[in-house]
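A look at the structure
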Amino acid sequence: SFVRAKKTFLSVTHAGNSSLLHKFCQSLHTSTPSLAKVVAVLYEAGAAAKEPRLLGCKENELGLRKFLESRGHKYIVMSDKEKLLDRELPDTEVLITTPFHPAYVTADRIAMSPKLKLCVTAGVGSDHVDLHAANKAKITVAEVTGSNVVSVAEHIVMQILALVRNFVPAYGQVIKGEWNVGDIAKDAFDLENKVVGTVGAGRIGYRVLERLKPFHCKELLYSDYQPLTPEMERAVGVKHVSFEELIQRCDVITINCPLHDKTRNLFNKDVFDKVKTGVYIVNTARGAIVDRDALVEAVKSGKVRGYAGDVWYPQPAPKDHPWRYMPRHAMTPHYSGTTLDAQMRYAEGTKDILERYFDGRPIKPEDLIVQDGQFASKAYVQPEK
Ligand code: NAI
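As a starting point, this report considers the structure included with it.

Rules of the game
- Sequence positions are assigned chain by chain, starting from 1 and proceeding in written order.
- Where totals are concerned, whole chains, interfaces and linings use all residues; where local detail is concerned, this predicted model gives features only for residues with pLDDT of at least 70, and gives and counts side-chain atom pairs only at 80 or more.
- Values shown for side chains rest on all heavy atoms present in the structure; no hydrogens or waters enter the calculation.
- Following DSSP output, two strands are said to pair if at least two bridges run between them.
- Counting from the N terminus, the helices are the DSSP runs of H or I reaching at least four residues and the strands are the DSSP runs of E reaching at least two.
- Between the N-to-C directions of two axes lies an angle of 0 to 180 degrees, each axis being a line fitted to C-alpha atoms and, for a helix, fitted only over the stretch in contact.
- Here a residue-residue contact requires only that any non-hydrogen atoms of the pair lie within 4.5 Å.
- Aromatic rings from Phe, Tyr and Trp, taking only the six-membered ring of Trp, are treated as a pair when their centres fall within 6.5 Å; an angle between ring planes under 30 degrees marks them as stacked, one over 60 as edge-to-face, and anything in between as tilted.
- To sort residues, take the accessible area from a 1.4 Å probe on protein chains only and compare it with the maximum for the residue type: under 20% means buried, over 50% means exposed, and anything in between is partly exposed.
- Only Lys NZ and Arg CZ are tested; either one counts as a charge over a ring when it is within 6 Å of the ring centre and within 35 degrees of the ring normal.
- Note that patches include only residues with greater than 30% relative accessible area and no salt bridge, and the join distances are 9 Å for like charges and 5 Å for nonpolar side chains (Val, Leu, Ile, Met, Phe, Trp, Tyr).
- In these tables, accessible area is a Shrake-Rupley quantity obtained with a 1.4 Å probe, and a residue counts as shielded only by the protein chains included in the view.
- Each salt bridge in this description consists of a side-chain nitrogen of Lys or Arg and a carboxyl oxygen of Asp or Glu lying within 4 Å of one another.
- Think of it this way: one heavy atom of a residue within 4 Å of a molecule or strand is enough to make that residue near it.
- Nitrogen and oxygen atoms within 3.5 Å of one another constitute a polar contact, given that in protein one can donate a hydrogen and the other can accept it, and given that sequence-neighbouring residues count only through two side-chain atoms.
- Under the grouping applied here, Gly and all other residues not named as nonpolar or charged are polar, the nonpolar ones being Ala, Val, Leu, Ile, Met, Phe, Trp, Tyr, Cys and Pro and the charged ones Asp, Glu, Lys and Arg.

The sheet built from 7 strands is open, its strands ordered β8-β7-β6-β9-β10-β11-β12 with parallel pairing. Of all strands in the sheet, those with a lone pairing partner are β8 (238-240) and β12 (329-331), marking the two edges. Here the strands of the sheet are splayed against their neighbours by 20° on average, with no regard to which way each runs. Across the sheet, helix α7 (residues 149-164) lies against β9 (252-255), β10 (279-283), β11 (304-309) and β12, angled at about 150° from β10, the strand it touches most.

Listed below in structure tokens is the structure:
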């Protein structure tokens, strides 16, 4: 009876919208068929998955299984970002990925996914999807905007302080049973009276500025082609400058712009040659914004006094990634935006996006990155100079 109902439905609507089909079947009191195939690629947490609030891991499935299956959808969750994913892609309609364990949704993968309609980023930052290829294929890419921006802003402040105050070697002395105050103090400073700048003053960049205000920095600067309102600038006491001015004047630079065509390798040898000698850099935006080898050289030479952040390319960072071994760094694995608080928010936000999609309701405009073959977010479209 379902096959007959489905045929009738399709002949009437010519649409194949799975949610309408689902409602139609319910109205006919037929059993719910498997409607859409939803695939999620999430990091494996092992024993840590016993913590039920660790929603964003493979084991806890973003808490979506009941919701999706009760609506008749098929939900497949994996951590494999290669072969297993490739096997599922040809008939996947919705793909959920996360920046913490990014499945790289390349043009080739999009080409092998003719049924793919929606890519949802559980978190913020959708650069792991080839957005140009998604546009060509008219695939919608949405993310849970704002879901973890506080979590990242807090991490940035922590890492700025870790670098400026030389925390890592100090802690290292303690756990190694050593005690040599001079050796730590010779490279430790106060944040007060330093010039700090953010490249990108969107949701995260602005929250960092808000959190830095009480530290009485000498100046707070930002570069962004979407300037803040004068009220927002006044509220935190920040000045809008060009990228060139920012990199030349800052004692501390924090990178908070998305990875797109114009920010890939933005911090390259030319930029490291121009920065103030002894600058600290914190990058929680994306690893590929910084030229891997040029950074290692700049840190080794002392041009960059310290580097921190939690983003790498690729991820997981291979064991031989040179940032693991360069001097004076305070890097962590990519976890700033996946605190338990953040996970709750992006799990809820992912569900909201899916509900809207399956109900045929519009996805919240702020969550859209690309739709109908166009960029919906201005943050990925830097104007030509
Ligand atoms: P947002 O969209 O609110 O702000 C990004 C800002 O960067 C926008 O104002 C945009 O105009 C600006 N921008 C773009 N290109 C620029 C350039 N070349 N120079 C200066 N500014 C530029 O995004 P939000 O929420 O602040 O996130 C920013 C990025 O942080 C994300 O795209 C993502 O890559 C990263 N992120 C990292 C997380 C982590 O766990 N490490 C978690 C969340 C986001």
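This is not the end of the story, as more comes after the structure.
Below, the discussion takes up the environment of Ala134. For Ala134, the position within the fold is in helix α6 (residues 131-136). Sequence spacing of Ala134 and Lys37 is 97 residues, and the spatial spacing of their C-alpha atoms is 18 Å. Not counting residues within four places of it along the chain, the set of residues in contact with Ala134 comprises Ile110, Val129, Ile139, Val141 and Val370.

On to the sheet that holds strand β14 (residues 374-375). Taken in spatial order, the 7 strands of this open sheet run β2-β1-β3-β4-β5-β13-β14, and their pairing is mixed. Every other strand in the sheet has two partners, leaving β2 (74-78) and β14 as the edge strands with one partner each. Looking at chain direction, strand β1 (residues 37-41) and β2 are connected through 5 bridges and run parallel. Of the residues in β2, the one forming a bridge with Val39 is Ile76. On the sheet, helix α15 (residues 340-359) packs against β1, β3 (94-97), β4 (118-121) and β5 (140-143) and is oriented at approximately 160° with respect to β4.

Attention now moves to the packing of aromatic side chains. For the structure shown, the criterion picks out 8 aromatic pairs. For the ring pair Phe243 and Phe267, a centre distance of 5.6 Å and an interplane angle of 85° mean the geometry is edge-to-face. Remark: Phe267 occurs in the loop between β9 and α13 (269-274) and Phe243 occurs in helix α12 (residues 243-249); sequence separation between them is 24 residues. You can call Phe243 buried: its relative accessible area is 19%. Owing to a relative accessible area of 0%, Phe267 belongs among the buried residues under this scheme. Note on Phe267 and Phe272: the rings are 6.3 Å apart at their centroids and 45° apart in plane angle, and the pair reads as tilted. When sorted by exposure, Phe267 lands in the same class as Phe272, which is buried. Taken together, the ring pairs in this structure connect Phe243, Phe267 and Phe272 into an aromatic cluster. When the ring centre of Trp312 is taken as reference, the NZ or CZ atom of Arg324 above it lies at 5.8 Å. The ring of Phe67 has Lys351 sitting right over it, with the charged end atom 5.2 Å from the ring centre.

The next point concerns a nonpolar patch on the surface. On the surface, Phe167, Val168, Tyr171, Val174 and Ile175 cluster together into a nonpolar patch covering about 510 Å² of accessible area. Structurally, Phe167 can be placed in helix α8 (residues 167-175). Since its relative accessible area comes to 48%, Phe167 is described here as partly exposed.

Okay, unusual backbone geometry next. Here the bond from Tyr313 into Pro314 is cis, since omega is -5°, no more than 30 degrees from zero. Along the polypeptide, Pro314 turns up in the loop between β11 and β12. Along the chain, Gln315 connects to Pro316 via a cis peptide bond; the corresponding omega equals -5°. A positive phi angle is found at Asn265, which is not glycine, with a value near 55°. When you line up the elements, Asn265 lands in the loop between β9 and α13. Of note, Arg328 is a non-glycine position whose phi angle comes to about 50°, a positive value. Counting through the fold element by element, Arg328 comes out in the loop between β11 and β12.

Here the focus is the site of the ligand. Neighbouring the ligand are 31 residues; Arg203, Ile204, Asp224, Thr284 and Gln382 lie closest to it. One of the side-chain N or O atoms of His334 is found 3.0 Å from an oxygen atom in the ligand. Relative to its free-state accessible area of 860 Å², the ligand is covered by the protein chains to the extent of 94%. Residue assignment for the shell around the ligand shows that the elements contributing at least two residues are α7 and α10 (203-212). Of the residues that constitute the shell around the ligand, the class distribution is 13 nonpolar, 14 polar and 4 charged.

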